[in-house]
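Spelled out, the chains give:
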Amino acid sequence: MGNLVSSKQESPPPLPRVISSSSWELRARPNGLVSVDDFALQEQIEIDTELDEGEALVQVEMLSVDAFLRTMLDEKAYHGAISLGDTLPAVGYGRVIASASPKAKLGACTVAKLSAEQAAMLMPMISLPGVPPTAFLGILGITSGITAWVGVHAVARPPRRGETALVSGATGATGSVAAQLAKVAGEQLDELCPDGIDFYFDTVGGPLLDEVLKRLNRGGRVVICGASSQYNGNLNVGTVRGPSEYLKLAERGASMVGYNVLFYMHKLPFAILHLLWLRWRRKVERGIGGFGPAMVKMFTGGHIGKLLVEVAEGGEAAVSAVGATPTQAKAVKLA
Ligand SMILES: NC(=O)c1ccc[n+]([C@@H]2O[C@H](COP(=O)([O-])OP(=O)(O)OC[C@H]3O[C@@H](n4cnc5c(N)ncnc54)[C@H](OP(=O)(O)O)[C@@H]3O)[C@@H](O)[C@H]2O)c1
């Protein structure tokens, strides 16, 4: 599956005993729509580079902004809650700048869910010719492109020629890839789907799901990827707007199935081969200070495709150079 990016790197210069970093912390649990005031950017955090056995220090270069992170800000989060004062978790990639673990090679480029004091599984980043590192958070990202591929191809019978497929949230990271895989997207249901709907890939949930159920064809399939419309305040207070039209499933001999992308990792090679041929868009915010506002943007609209935050200066070029000034670093205890 390609070479490790780190294999020909020169050894980085030794780090000073203490380096400074920045991180976004959860200041208050969001009340409804997430607000930037729910977060606090902590700057000049001192990080001891003398590591305990099994720890590694990663200089973060790019962070992925994901809708599912919103669910972790609530007290009873279904993806696992974070505590007040905790660093916001995010999937991202970066370079190992210090290591006391045989699993993390100095200089290696890794991709992981990064968060202070959290056990992390650092995965070596593969290098594919002509594929920029950002692709591993976007079109080839587990929480974006791979999620879309699994939802369209591996969870229910995929849409066939002649069928009508519909994708909600088709401007977003996951939905825009699913829409290419399923070929159709949109919201004006009666105009777009005059013959009913055979396959629905849903990232948004809420009232739209009911509208789709009403128009479902015999043998239709509904794949529940997520429900972004329900994440801002509904999840934990018992007011998730579920489908009241679910009996259409019985009437039409249709099915509705949810999935967790992490249960489909055995499909990764098939997904990657397919996804590499697709187009994808991204919106990149600059600097660690952009992460909190980007979390808000995720739910207020304004991005098309994958939302990313470039932390290291120099962007993708910085990925192949070992950072001389390690900021925004994270110590991670390897799982
Ligand atoms: N099942 C899995 O394993 C899995 C894995 C990863 C992600 N997911 C799910 O995939 C979905 C998309 O996640 P993503 O990270 O790729 O985010 P994203 O699609 O890039 O961004 C979220 C999208 O949701 C839409 N949205 C937000 N609030 C909405 C509302 N109230 N009503 C209608 N649309 C709304 C926004 O569209 P506009 O900008 O057009 O408003 C935005 O494009 C999420 O539901 C997430 O939980 C599932």
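The structure we're discussing is the one just above.
Residues numbered from 1 in each chain as written. Predicted model: local features only at pLDDT ≥ 70, side-chain atom pairs only at ≥ 80, totals over all residues. Heavy atoms only, no water.

A word on the site of the ligand
For step 1, the next point in the chain: Taken together, 23 residues lie near the ligand, and Ala173, Thr174, Tyr231, Tyr259 and Val261 sit nearest.
For step 2, the next point in the chain: A distance of 3.0 Å separates an oxygen atom of the ligand from a polar atom in the backbone of Thr203.
For step 3, the next point in the chain: Separating a nitrogen atom of the ligand from a backbone N or O atom of Tyr259 is a distance of 2.8 Å.
For step 4, the next point in the chain: Coverage of the ligand by the protein amounts to 81% of the 920 Å² it exposes when considered alone.
For step 5, the next point in the chain: Listing elements by their share of the shell around the ligand, those giving two or more residues are α3 (173–182) and α8 (291–300).
For step 6, the next point in the chain: Of the residues that constitute the shell around the ligand, the class distribution is ten nonpolar, twelve polar and one charged.
For step 7, the next point in the chain: Looking at which domains feed residues into the shell around the ligand, each of domain 1 (2–134 + 283–334) and domain 2 (142–275) supplies at least three. (Near = heavy atom within 4 Å. Polar contact = N/O pair within 3.5 Å; in protein donor to acceptor, adjacent residues only side chain to side chain. Areas by Shrake-Rupley, 256 points an atom, 1.4 Å probe, with all protein chains shown as cover. Helix = DSSP H or I, 4+ residues; strand = E, 2+ residues; numbered from the N terminus. Nonpolar A, V, L, I, M, F, W, Y, C, P; charged D, E, K, R; others polar. Domains from an automatic or database assignment.)

Concerning unusual backbone geometry
Of all residues except glycine, most have a negative phi; of all peptide bonds, most are trans.
For step 1, the next point in the chain: For Gln44, which is not glycine, the phi torsion reads 55° and is therefore positive.
For step 2, the next point in the chain: Mapped onto the secondary structure, Gln44 falls in strand β3 (residues 39–48).
For step 3, the next point in the chain: Here Gln44 falls in the exposed class, since its relative accessible area comes to 62%. (Buried < 20%, exposed > 50% of the residue type's maximum accessible area, 1.4 Å probe, protein only.)

Considering the packing of helix α2 (residues 145–153) against α3
For step 1, the next point in the chain: At a closest axis distance of 8 Å, the pairing of α2 and α3 adopts a crossing angle of 40°. By the criterion of interaxial angle, the relationship of α2 to α3 is oblique. Seen along the crossing, α2 lies across α3 with a hand that is right-handed. Counted together, Gly145, Thr147, Ala148, Trp149, Val152 and His153 of α2 and Thr174, Val177, Ala178 and Leu181 of α3 form the full contact between these two elements.
For step 2, the next point in the chain: For the contact of α2 with α3, a count of residues per class yields six nonpolar, four polar and no charged. (Axes fitted to C-alpha atoms, helices over the stretch in contact; angles between N-to-C directions. Parallel < 35°, antiparallel > 145°, perpendicular 65-115°, else oblique. Left-handed = near helix turned anticlockwise from the far one by under 90°. Contact = heavy atoms within 4.5 Å.)

Some thoughts on the packing of aromatic side chains
For step 1, the next point in the chain: For the structure shown, the criterion picks out two aromatic pairs.
For step 2, the next point in the chain: Judged by centre distance (6.4 Å) and plane angle (85°), the rings of Trp24 and Phe39 are edge-to-face. Linking Trp24 in strand β2 (residues 18–26) with Phe39 in strand β3, this pair joins segments that are 15 residues apart in sequence. (Phe/Tyr/Trp six-rings, centres within 6.5 Å; stacked < 30°, edge-to-face > 60°.)

Some words on the pattern of salt bridges
Opposite charge on two side chains permits them to pair, given that their charged atoms come into close proximity.
For step 1, the next point in the chain: Overall, the coordinates contain 15 salt bridges when judged by the stated rule.
For step 2, the next point in the chain: Note that Asp210 is salt-bridged to Arg241, the shortest N-O span being 3.0 Å. Here Arg241 lies in the loop between β12 (216–224) and α6 (248–252) and Asp210 lies in helix α5 (residues 207–214), a separation of 31 residues in the sequence.
For step 3, the next point in the chain: Looking at Arg241, the relative accessible area reads 39%, which means it is partly exposed. (Salt bridge = Lys/Arg side-chain N within 4 Å of Asp/Glu carboxyl O.)

Examining α8
For step 1, the next point in the chain: Most of α8 is tucked away: seven of the ten residues are buried.
For step 2, the next point in the chain: Here α8 has its buried residues at Phe291, Gly292, Ala294, Met295, Val296, Met298 and Phe299.
For step 3, the next point in the chain: The first or second residue beyond α8 is Gly301, which carries a positive phi of 85°.

Quick notes on the packing of α2 against helix α7 (residues 268–275)
For step 1, the next point in the chain: Relative orientation of the contacting elements α2 and α7 amounts to 105°, with a least axis distance of 10 Å. Overall, the two elements α2 and α7 adopt an arrangement that is roughly perpendicular. On α7, the residues that touch Gly145, Ile146, Trp149 and His153 of α2 are Leu268, Phe270, Ala271, Ile272, His274 and Leu275.
For step 2, the next point in the chain: Split into classes, the residues belonging to the contact of α2 with α7 amount to seven nonpolar, three polar and no charged.

Digging into the sheet that holds strand β10 (residues 165–167)
For step 1, the next point in the chain: Judged by pairing direction, the sheet is parallel, and its four strands sit side by side in the order β10-β11-β12-β13 without closing on themselves. Of all strands in the sheet, those bounded by a partner on one side alone are β10 and β13 (255–258). Each strand of the sheet is rotated relative to its neighbour by a mean of 15°, with strand direction disregarded.
For step 2, the next point in the chain: Bridging between β12 and β13 involves four bridges; their strand directions are parallel. In the sheet register, Ile224 faces β13, and the bridge partner there is Gly258.
For step 3, the next point in the chain: Against the sheet, α2 makes contact with β11 (197–202) and β12, and its axis sits at roughly 155° relative to β11, the strand it touches most.
For step 4, the next point in the chain: Each of β10, β11, β12 and β13 touches α5; the most contacted strand, β12, lies at about 155° to it. (Pairing = 2+ DSSP bridges.)

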